[in-house]
Amino acid sequence: MSWQVEIDEHVCIGSGMCAALMPEVFVLDGAKAHTVTSAVDADETVLDAADSCPAMAITVTDGGREIGPRP
């Protein structure tokens, strides 16, 4: 199973929380974070990264259905 991960670079404030949790998926590049790849294996830590983003800039989808960040 594969999830899609996106970062809204217009919303990202570059806190680095995502890169600290999952450096294999997220990279802090200058003042913004970006994804190393947009398709990732289903992993609870990806959802944790989306949940911990202070700007709520990360979206995780599964088959087109948004599953992260969680409410």
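Up top is the structure.
Just so we're clear, the structure is a prediction, and the values are computed from it rather than from any experiment.

Student: Any chance you could break down the overall build of the chain for me, citing the residues and the numbers?
Tutor: Counting its regular elements, the chain contains two helices and six strands. When the helices and strands of the chain are read in sequence order from the N terminus, they spell out β-α-β-β-β-α-β-β. The C-alpha atoms of the chain give a radius of gyration of 11 Å, which matches the 11 Å a tight globule of 71 residues would have. Each of the three principal axes of the chain carries a C-alpha extent, and together these read 30 × 25 × 15 Å. In the chain, of all internal contacts separated by at least 6 residues, the share reaching a separation of at least 24 is 51%. For the chain, the accessible surface area stands at approximately 4100 Å², while carbon and sulfur atoms represent 52% of it.

Student: An account of the nonpolar core is needed here, citing residue identities and associated values.
Tutor: If you look at the biggest cluster of nonpolar residues, it comprises 21 residues, and the most contacted ones within it are Trp3, Val5, Ile7, Phe26, Val46, Ile58 and Val60. If you list the elements that add at least two residues to this core, you get β1 (2-7), α1 (17-21), α2 (44-52) and β5 (58-62). Top element by residues in this core is α2. It accounts for four residues.

Student: Could you give an account of the pairing of strand β3 (residues 32-35), naming the residues involved and the relevant values?
Tutor: In this sheet, β3 lies alongside strand β2 (residues 26-29) in antiparallel orientation, the contact comprising four bridges. Within β3, the position partnered with Asp29 by the bridge is Lys32. Where β2 folds back on β3, the antiparallel hairpin that results is connected by two residues, among which Gly30 adopts a positive phi of roughly 70 degrees.

Rules behind the numbers
Residues numbered from 1 in each chain as written. Predicted model: local features only at pLDDT ≥ 70, side-chain atom pairs only at ≥ 80, totals over all residues. Heavy atoms only, no water. Helix = DSSP H or I, 4+ residues; strand = E, 2+ residues; numbered from the N terminus. Rg over C-alpha atoms; globule rule 2.2 N^0.38 Å. Contact = heavy atoms within 4.5 Å. Areas by Shrake-Rupley, 256 points an atom, 1.4 Å probe, with all protein chains shown as cover. Core = buried A, V, L, I, M, F, W, Y, C linked by side-chain atoms within 4.5 Å. Buried < 20%, exposed > 50% of the residue type's maximum accessible area, 1.4 Å probe, protein only. Pairing = 2+ DSSP bridges.

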